[in-house]
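Below are the chains, spelled out letter by letter.
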Amino acid sequence: MGRDKKAQRTKGNRQPASSGRTASILEGATGLIGFSGLHDLGYVPAASQALNTDDSSLSAEFRVTLRKMMKKDSTTKIKALQEFEALCQNEDQESVLSALPFWPRLYCKLSIDVERRVREATQVSHGALCGRVGRHLAPHLRAVMPSWCLAMVDPHTPAANAANRAFKESFSPNKRSEVMVFSCKEIVDHISENLFTQTPQMLSDPKNTDPEDMKNKHIRVQSCSLLAFSLVLQTTSQNQAKAQQVADTISPLIQAPAFWKFAKNKHLLIRHAFFSVVCDIFLHYPKLLESSESELSSAILPALDDQEGIVLPRVWEAFLHLCLKCSGFWNEKNSRSSLKRILSVMREGGRGSAGELCPHLLPILSVLPPEAADTTSSLYTQFFAAVTSGLMKQRVLCSSRDVAAIITALYECLRFVAKKGQDLQLWDGLVKYQIVELLTSSFTTAHQLSSSNLYREVATLLRFLAKSGEAEGAGRDLTTLFWTKFIPECGAIVQRGSPVEAARVMAFFHVLRDPRSKLSQRREGVRFVDDSGDVAEKQPASLVTEPEDGSDGAFIEEVGTHLTQLTVSCHDIYMKEKNLSVFGVFSVLLCSFPSPRVYTALVYGQPGERQEKMAQENQEGGQEMEGKLAGEHQGERLEDIPKDERQASVREVMEQIVVPKMEGQEDASVSQPTVNLFISLYRRMTQDQQRSLLMGLKPSLSVSCLRLLMEGLAECTEFDPIAVAWLQSDQLGGHLVQLVDCLCDHSPSGRSDRGHRDELIALFNFVLSNGNKKEPVIATAYVSQILTKLSTSLKSDAPQDGRSQDQVVRLVATLARRLFTSYVCWQTDGIHEFMRSLFMLLRQSSKSLNDETVEILKSTFLKGFEGLLASMLADQPDELFEGGGCLVTTLKDIRHSVMEEGCSFQLAVTMADLTKRLMTLIFRQMDQDEDCSIILDHGKVQTMLDVLMPTEGEWAKLETKLSPLYMIPSIIQGTVSFTEFPFPKYVEDCLPVDFSHARLSMFLCDLLLFLSRSGEKERAREQGDSVSLGQYTHLAVSVLHSACHASVTQDLTNAIRSNWLSEDTKMGIGKLKRDMRTLLRLLNQGNKRHITKQICNRCSDGSSAWCVTLTRVLSEWMGTEDVNATRLLQGLEESSLGYCATKQSLLSYLPTATVVDIMVEETGLVSSLVEDPFSAVASVRVVAAALAVVPPHLSAEVVNSLFSVLAQWRDSANNVFLFATDVKGMAWEDITLTCSLVRLLTVLVKRHWMHLQPSHWDLLLCSLSSWVQSLNDSKESVQKETVVCAFACAVCKCVGCVGEVIQQHQQPTDTSSSATTTATASPTTPTLPPQLKDDWKEFFSQPIYNSLISLFVDVANAYSKAPSVILYAVCRCVSVGVYGASAGDLEQHSLPPTPPEPQHQHEDSAWKAMKLPPKEQSLLTHLVPLLTCSHPTVQCVSYSLLNTALPEVMRAWDDNQVTVSEEEDTPQRPLPPQLMHVVQQCGEEVEELWETKGRGGAMSLPPYSPAFTPTLGYLLAWRLVLAAVSMATDQHQHQYTAHLRHLQLLPRLLNNLFHAMPQRPVLEVGSGRPEGGSDQKTNPTMFNTQLHMSPVASFTSQDLAHLACKVYFECVSRIPAAVRQWFAGLDRQRQPVVESFTASYVSLLLVAQEMAAINASTTKFDNMTIRTRPSAREVVASYSIDQVSGDTSKVLELTLRLSHNHPLSTITVENHRRVGVSLAQWRNWLLGLNTMLQHRNTPLLQSLAFWRQNVEQKFRGLEECYICYYVLHGTNHQLPKLLCRTCKKKFHSACLYKWFSSSNNSTCPLCRSLF
């Protein structure tokens, strides 16, 4: 028994529970709803003050929201709180106030919720409510404040911030303490309850809350309660008037014994909060703790070494308060215990809280009693040892904050100890371990200390000791003690020569010199300067001078005295070892701590060495030295100064030590410290000495030192007139001008050292940037000379020393960028010429510079132009757009650059990019008062665009250069009526192709696109926003016309030769088309319609090219919604010159009813011109265009009317049709009517053939036959005259259309050969007249195709000799005409006979007699060479014609009798030589082309490329060869295959195919018609889909790959043995590739084809049956020995299994049944069958038939050959004839010949006797 758990919970309950539905039901309820309505007791509306228990006053929205807040789900609560916040903000005041009484209870519960997001949302909602109710919150304040206080200290920071923000916004600062006092009792009671009463189970519902969540919530509430208590103490202490009241309120809480137990709580948050409370009580209400001294000491002292670092800072703070306020607790035990605990914490580095603990160390050290240790020295020693030990912990060193805090506290304590007394014995250890050892560690192992504040603290301590030593006398001993211990250690480190350690030593001395230096915080790589900027500003006379009080100067001098030995030793080490790091230390020491003693030691040596050095100087020439010293000791006689007391001067140090190191030194690591020395010593000299020193500097000064010296002196030019005079001197300026030549490498003495060059660049970067000063560093005249030289270097065509121009340009561009940062440069004379040089170089950049350099040059020019623009706007804003101004001149230069003849598309792109940036600069720097949604709306930008636009005359001149090739497709297709013929009379006349118009259009289109997409108010274009070009729509019209022209011209020229156009031109045309399409997408519909209207207006003027543009714009560029064709048609004027052509272009976009009306109207007009047919040309064209659009069911009457008119014209004016007339030399006006009529008939046949009556067909076919005769009479003119070409195109397309319609509708089962789209079939399925097909074949097709085939051959040969776009179109149209020729039509061709082909050397003499009948011979001779024509359509049509004639050709070729020697291994038979010649010739070209390329995607050949034509011809020729082999007899097939294999043509073909086939020959679904034997459900591939080669379709790269796959499939299906043999000979690397490809895409299809051929075979064998098992890839052949008896036991049965990679692996014979044959005989048969299946190039069905034939011959008593074990030979089907005289066995002659050849002897295979 049991209850169904899936049963409904309540009888009749059809819907699940829904809280939302319940709330909606209860919306109308008022008052207290009974318990039956509140099942979960989730919400009982009760006010906090019991003022009102009725919630009827609540609005429905508030009621539902408040009820949702008490749901269990956190997400529901959060959404409810968000809704409550929104209601508080949006509802009226009364509604919000009505909800206020019910809020406190919910708030108290939600503010301590487990989910932190709920708590955060609660505080946000509370803040929103308080902001709306204001003073009305007062009655409920005591109910909310306890929870509010806890919320303000919530551990979830966003919740606490929201609560604090609400509290501060609700109460002013002076009211906050009053609020706390007002609610103090309730808050304290709430805190007491949380601390002492509440348990985890009481705070949460155990049924709905996880135990862990309950525990965490209890901990959080207790810690928040303690922190809230601290908050109350802090806030109420500000109200002194109520302090006693508050103290009385909180006193019971503090006196509670349970309160002090929190000090030992196991949760760190609670302990942290407890000690925070204790600290706040000490601070604000210390009297409350007077009676709790024992509790305090027992709580604080054990916690001094708390294991949690977060608790320790509050404990130590409480400990300090305890020491200050309750000193009576001290005793020896407490003292030693406290010290021990404190030191244990410090030995561990503060346990992660050193930053908070260390500030307490000094106060703690000061309050510790003496009895804490044995002696005071022991106390200090232990204390500092513990601090240092903690500092050196690795985890502490990883925290820079902890390191800084410990070091600061350590040295504060050291200063404290130094103040109390200076015990030298104590300080000996302190100096050694706390100062020197730390410094040494920072230099070597503890690198973290080098980036800390250690150096600054040491420097401060030393200054403190020095200052206290001056006052007390003992501090000097401590500093001496420090230097005594430190200098040896430092010297040892420096002597090691480590660059890293030396850099840290330098950092220490630099900070020691200036503790305020920022470098004290850096790690390594410090660049030292003598002094800080502050000192330099205060005392500009010298960088290193005595401070105002003089104390720091004495300290520096004293330090310098101590460091004399170290300084001299560093200099000596450098002079010996040339160690750069040691020299850096020397430089810092000498710069930072100058001292006469140091100078003297450097010049004369140490006191012990001075006597020897002075004696040597006196011997060599003491007079000179005495003269120098005399200058230093003026007023004293030199002989009065003892030699051992002479002191060296600063000048001597400069001349003997510093200046020699600055000459010829290019190493910046030495130059920098050397220059630092120079500047430091320079500022200690008098002005006369400074002037003499600077003016005496030699030109041999290194470039790096010169640059650094200039940079250093430029910083103090404001207070150093000597430095200013030297920087502005001719001496320096001339030297810099000479260095420009060296920089640009025009000087013969220029050095090519890279370091020297880099220093030169850095030098001129500084000079040209003016040192970031407002005034130039050097004289302005020399800046102009430098610019002049740079301009000259830019204009030079070929830099010297083989340096590429890119390097020179980049160098100058780098310098120019620095120059342009200075406002002063625009006042120099050469700046405008320099800018001009930059622009001219930018114009020529596309010819000589790479892209990266061009971009650098462009950005440099723009930076300069930006500076120039700013200068002009500041000085001469009105002259910015003047004609001679820089801006207008630059814009004109840009326009001239784009429009000049030699301009490339790449240069135009560069100029467009430059122009866009210039416009952006103008737009950003000019006034922004104009309201511009796009940049184009700005007036100044429009002014710039007007300057860039060509004039109307320039536009007209450019349009005259447009090539008339643009109109060829429209003339050929007849889509546009032309008032005049646009082409020259003769085809050979060159048609110019000029892209100047396209280049300018690309430039302007780029600008329009940029100006339309960018603006100050950048809008989201992807959301559908559109723009308007305003007055510049005419630019879009011209650009669109150019884009259409360039696109068509590019396609036509590519059709002749893919490399006809340069890559630059292709790039430009592609960019033009992309930008134009993007621009059209941006434009609004009004702009698009306006553009179309302007194009129509240009068409109305009679321009044929614009009519073509209109057609293309409507079909390719505009959407149907962007064109109102009806309005455009209404806007045309009938009297306009181009009315007819424009009307014809618009017909396809008009409503059908309108088109029908126009068609009827124009037909009537044609009918009215029966006697004047030449006036009806325009109407005929319009009617033809209308018929191409109108559905066939609306055209019956019009068709009949048109044929009536045509019949009347034929009877009355036969010359109108030009029947059987030589049209040579005719003008376009004479032939245009006939062409229009031919196109009209073409449209009628193609789309409206169902309305044609027999009489109409008679008129049509007779006219067509006569027109073809006219073409035949004008055959020579077709290749020469363009007008005749147009006539030929029209006639041939009509012939193709007629042939297609007749073939389609008379042979409905064969629709795959359709070349064009079939006509729309009516529901009644109309048919052609019954006798039409017979009449067509009997009377019309043969003469028509006879003439067209000759014309096709002639035109194709003419195109091959001289390709042209016109002949390309003619070839395509003639190909359409001859494509439908049948085999009978080809047999009756009238192609002229050709002379016999020369015999090839490889041909056998027996093959020379093989000939074809004259007709077939002539057909092959003329059509096979066209397989290699450069016109793909001609190639495909030639293949189609040859494939149609091939059966008859091979039948005649097989009739040739060839004598084959029986001794040959494999008899061979050649194919027709024409085919073999094409295969061999194209094969060689293809192999040369693909030699170095791999297979797959890399072999994608673009159409019309040089490789495309031979590849296509090669594959088509091989397809014919394979078809020819399959059409031959079984015996001849093997001979043809052997011949191909003998010439190595088959292996080469297969190798080439794997270059041409893609790795994944997969097509898109629906992209091709499946083959007959393939499953339509399989994915389409290039093997199981048909390849349509139509004359009206373009042959693409994918089609070429598809053709290669087809050829490979025909190879494996028609000559499988040859493919298998080729596969076996491949290497190991290629075999897996071929096998995988074949098994994946070919084998399954081929097996299915074999099975389908066997099942569909109609051949019946009397005694053999064949069955297939497709799923197992098996074929079962059963041969009945006694077919009369029908006994299955007398049936021979074979099972043949096809491999998974068929045909690469041989077919295996399995599960055979032997009956009536001996075992030996059976084995011989199986061996022969396997051999036959492996080497026979026939389908499986033919192979089985051959096996049956051999079995029958055996049963007839014929003996088999004992080599192949077959009666009939596998290839020549001969019987064994050669008899061995010894064993009497017979052999096939071919088998025996092969045996003799392979065994190299002439013995019998059986008896081994001599044969």
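Cut-offs applied
Residues numbered from 1 in each chain as written. Predicted model: local features only at pLDDT ≥ 70, side-chain atom pairs only at ≥ 80, totals over all residues. Heavy atoms only, no water. Helix = DSSP H or I, 4+ residues; strand = E, 2+ residues; numbered from the N terminus. Buried < 20%, exposed > 50% of the residue type's maximum accessible area, 1.4 Å probe, protein only. Contact = heavy atoms within 4.5 Å. Areas by Shrake-Rupley, 256 points an atom, 1.4 Å probe, with all protein chains shown as cover. Salt bridge = Lys/Arg side-chain N within 4 Å of Asp/Glu carboxyl O. Pairing = 2+ DSSP bridges. Axes fitted to C-alpha atoms, helices over the stretch in contact; angles between N-to-C directions. Parallel < 35°, antiparallel > 145°, perpendicular 65-115°, else oblique. Left-handed = near helix turned anticlockwise from the far one by under 90°. Nonpolar A, V, L, I, M, F, W, Y, C, P; charged D, E, K, R; others polar. Phe/Tyr/Trp six-rings, centres within 6.5 Å; stacked < 30°, edge-to-face > 60°. Lys NZ or Arg CZ within 6 Å of the ring centre and 35° of its normal. Patch = residues over 30% accessible without salt bridge, like charges linked within 9 Å, V, L, I, M, F, W, Y side chains within 5 Å. Lys, Arg positive; Asp, Glu negative; His and termini not counted. Charge placed at Lys NZ, Arg CZ, Asp CG, Glu CD. pLDDT = per-residue confidence, 0-100. Core = buried A, V, L, I, M, F, W, Y, C linked by side-chain atoms within 4.5 Å. Polar contact = N/O pair within 3.5 Å; in protein donor to acceptor, adjacent residues only side chain to side chain. Expected span 1.5 Å × (residues − 1). Arc of directions from axis to C-beta. 1 Å grid on protein atoms, 1.4 Å probe; cavity = no way out; pocket = protein on both sides within 12 Å on 5 of 7 lines; lining within 4 Å. Points joined across faces, edges and corners; volume = space filled by probe spheres on them.

> Whenever I open this one, the overall build of the protein chain confuses me. Can you help?
Scanning the protein chain from N- to C-terminus turns up 80 helices and six strands. In the protein chain, which comprises 1811 residues, the share counted as buried stands at 55%. If you take every contact in the protein chain between residues at least 6 apart in sequence, the share linking residues at least 24 apart comes to 72%. Summing over all exposed atoms, the protein chain offers an accessible surface of approximately 79,200 Å²; the carbon and sulfur share of this is 49%.

> Looking at this structure, how should I read unusual backbone geometry?
Excluding glycine, a negative phi dihedral is what most residues carry, and trans is how most peptide bonds are arranged. Of the consecutive residues histidine 1702 and proline 1703, the connecting peptide bond is found in the cis state with omega at 10°. Residue placement: proline 1703 occurs in the loop between β3 (1691–1697) and β4 (1708–1713). Its identity is not glycine, yet glutamine 1544 carries a phi of approximately 60°, on the positive side. For glutamine 1544, a relative accessible area of 45% gives the class partly exposed. Phi is positive for arginine 1673, which is not a glycine, with a value near 55°. Among the secondary structure elements, arginine 1673 is positioned in the loop between β1 (1664–1669) and β2 (1674–1680).

> Looking at this structure, I do not really get the pattern of salt bridges. What am I missing?
Any two side chains of opposite charge can pair, given that their charged atoms come close. Enumeration according to the criterion identifies 35 salt bridges in this entry. Aspartate 402 is the partner of arginine 401 in a salt bridge, and the nearest nitrogen-oxygen pair spans 4.0 Å. Its relative accessible area of 47% is what places arginine 401 among the partly exposed residues. Overall, aspartate 402 belongs to the buried group, its relative accessible area being 8%.

> What's the story with the environment of valine 1437 in this structure? I'm lost.
Inspection of the secondary structure assignment puts valine 1437 in helix α69 (residues 1432–1454). Considered as a pair, valine 1437 and leucine 1426 are eleven residues apart in the sequence and their alpha carbons are 9.1 Å apart.

> I keep staring at the pairing of β1 and nothing clicks. Help me out?
Successive side chains on a regular strand alternate, one facing one side of the sheet and the next facing the other. When β1 meets β2, the two strands line up antiparallel, connected through six bridges. Among the inter-strand pairings, threonine 1668 is bridged to a residue of β2, identified as valine 1675.

> So what exactly am I meant to see when it comes to the packing of helix α12 (residues 211–236) against helix α13 (residues 243–255) here?
Geometrically, a packed helix pair is captured by the angle between its two axes and the distance between the axes. Running from N to C, α12 and α13 cross one another at 155°; their axes reach a closest spacing of 12 Å. Considering the angle they form, α12 stands roughly antiparallel to α13. Crossing of α12 over α13 shows left-handed handedness. On α13, the residues that touch Phe229, Leu233 and Thr236 of α12 are Val246, Ile250, Leu253 and Ile254. Considering only residue class, the contact of α12 with α13 consists of six nonpolar, one polar and no charged.

> Even after reading the chapter, I still don't get the side chain of serine 1047, so can you show me in this structure?
Inspection of the secondary structure puts serine 1047 in helix α52 (residues 1033–1056). Setting aside residues up to four positions removed in sequence, serine 1047 forms contacts with Ile1069 and Lys1073.

> Honestly, the packing of helix α47 (residues 905–925) against helix α48 (residues 939–948) in this entry has me stumped. Any pointers?
Running from N to C, α47 and α48 cross one another at 150°; their axes reach a closest spacing of 9 Å. Considered as vectors, α47 and α48 are oriented roughly antiparallel to each other. As α47 runs across α48, the sense of the crossing is right-handed. Contacts between α47 and α48 involve Thr915, Leu918, Met919, Ile922 and Phe923 from the first element and Lys940, Val941, Met944, Leu945 and Leu948 from the second. Considering only residue class, the contact of α47 with α48 consists of eight nonpolar, one polar and one charged.

> Help me understand the packing of aromatic side chains in this model?
Aromatic rings in a pair are described by how distant their centres are and how their planes are angled relative to each other. One pass over the structure, following the stated rule, counts 36 aromatic pairs. Site record: aromatic cluster; members linked through ring pairs are Phe443, Tyr455, Phe482, Trp483, Phe486, Phe508, Phe509 and Phe593. Looking at arginine 142, its charged tip hangs above the ring of phenylalanine 182, at a distance of 3.9 Å from the centre. The ring of tyrosine 574 has lysine 578 lying over it, and the distance from NZ or CZ to the ring centre is 5.0 Å.

> Any chance you could explain a negative patch on the surface here in plain terms?
Where like charges cluster on the molecular surface, the negative patch consists of Glu1484, Glu1485, Glu1488 and Glu1491. One can find glutamate 1488 in helix α70 (residues 1473–1490). Accessibility expressed as a relative area gives 61% for glutamate 1488, which makes it exposed.

> In this structure, what is going on with the confidence of the model for the protein chain? I would like to understand it.
The predicted coordinates of low-pLDDT regions are not to be read in fine detail. Per-residue pLDDT for the protein chain averages 78, and the proportion of residues at 70 or more is 80%. Of the regions scoring below 50 in pLDDT, residues 1016–1024 engages in 18 contacts with residues more than four places distant in sequence or in other chains. Contacts for the low-pLDDT stretch residues 1494–1498, under 50 throughout, to residues beyond four places or in other chains number 13 contacts.

> What am I meant to see in the nonpolar core here?
Note on soluble globular proteins: their nonpolar side chains tend to be buried together. Of all hydrophobic cores here, the largest spans 295 residues; its most connected members are Trp1518 and Tyr1608. Contacts of tyrosine 1608, omitting those with residues within four sequence positions, involve Leu1550, Leu1553, Phe1554, Met1557, Phe1583, Val1634, Thr1638, Val1642 and Leu1704. Ranked by size, the runner-up nonpolar core spans 243 residues in total, among them Leu81, Leu141, Leu312 and Leu677.

> Any chance you could explain helix α59 (residues 1177–1187) here in plain terms?
Given 3.6 residues per helical turn, the α-helix brings residues three or four places apart onto the same face. The buried fraction of α59 is high, at ten of eleven residues. Taken together, the buried positions of α59 are occupied by Val1177, Ser1179, Val1180, Arg1181, Val1182, Val1183, Ala1184, Ala1185, Ala1186 and Leu1187. For α59, the secondary structure elements touched by its buried residues are α57 (1139–1146), α58 (1152–1168), α60 (1196–1212) and α61 (1228–1248).

> Just to check I follow, could you spell out the side chain of glutamine 690 for this structure?
Relative to the helices and strands, glutamine 690 is located in helix α36 (residues 687–695). Residue classification places glutamine 690 among the buried residues on the basis of a relative accessible area of 6%. There is a polar contact of 3.3 Å between the side chain of glutamine 690 and the backbone oxygen of methionine 685. When residues no more than four places from it in sequence are discounted, the contact partners of glutamine 690 are Tyr682, Arg683, Met685, Asp720 and Ile722.

> Would you mind showing me how to read helix α8 (residues 157–170) here?
Under the 1.5 Å per step criterion, the end-to-end length of α8 is 20 Å for 14 residues, consistent within 8% with the ideal 20 Å. The set of residues buried in α8 consists of Ala159, Ala160, Ala162, Ala163, Ala166 and Phe167. The buried side chains of α8 occupy one side of the element, clustering within an arc of 165° when seen end-on. Away from its buried face by more than 90 degrees, α8 exposes Lys168 and Glu169. On its buried side, α8 packs onto α6 (116–133), α7 (141–152) and α9 (173–182).

> Would you mind going over empty space enclosed by the protein with me for this structure?
Rolling a probe over the atoms, with the probe sized like a water molecule, indicates the empty space that remains. For the structure on display, the rule yields nine cavities of 30 Å³ or more. Size it by volume and the largest cavity reaches roughly 100 Å³. Residue lining of the largest cavity: Pro1616, Arg1620, Glu1650, Leu1698, His1702, Ile1707, Leu1733, Arg1736, Thr1738, Pro1739, Leu1740 and Ser1743, and that is the complete set. Listing elements by their share of the lining of the largest cavity, those giving two or more residues are α75 (1616–1624) and α79 (1740–1755). For the lining of the largest cavity, the per-class residue count stands at six nonpolar, three polar and three charged. In this model, the second largest cavity occupies a volume close to 70 Å³. Ile968, Ile971, Ile972, Phe981, Phe983, Thr1282, Cys1285, Ala1286, Ile1366 and Val1370 together form the lining of the second largest cavity. For the lining of the second largest cavity, the elements supplying multiple residues, two or more each, are α50 (968–973), α64 (1282–1306) and α66 (1365–1378). Residues that form the lining of the second largest cavity fall into these classes: nine nonpolar, one polar and no charged.

> Is there a simple way to think about the environment of serine 702 in this case?
As for its placement among the helices and strands, serine 702 is situated in the loop between α36 and α37 (703–714). Judged by relative accessible area, which is 2%, serine 702 ranks as buried. For the pair serine 702 and histidine 756, spaced 54 residues apart in the sequence, the C-alpha separation amounts to 9.0 Å.

> Sorry if this is basic, but what is going on with the environment of leucine 1520 here?
Structurally, leucine 1520 is set in helix α71 (residues 1508–1527). Overall, leucine 1520 belongs to the buried group, its relative accessible area being 1%. Between the C-alpha atoms of leucine 1520 and leucine 1442, which are 78 residues apart in sequence, the distance is 7.7 Å. Each residue touching leucine 1520, except ones within four places of it in the same chain, is listed here: Leu1427, Tyr1439, Leu1442, Asn1443, Leu1446 and Leu1475.

> I would appreciate a short explanation of the pairing of β3 in the present structure.
Among the seven residues in β3, six count as buried, and that is most of the element. Sheet analysis places β2 next to β3, joined by seven bridges and oriented antiparallel. Among the inter-strand pairings, alanine 1677 is bridged to a residue of β3, identified as leucine 1694.

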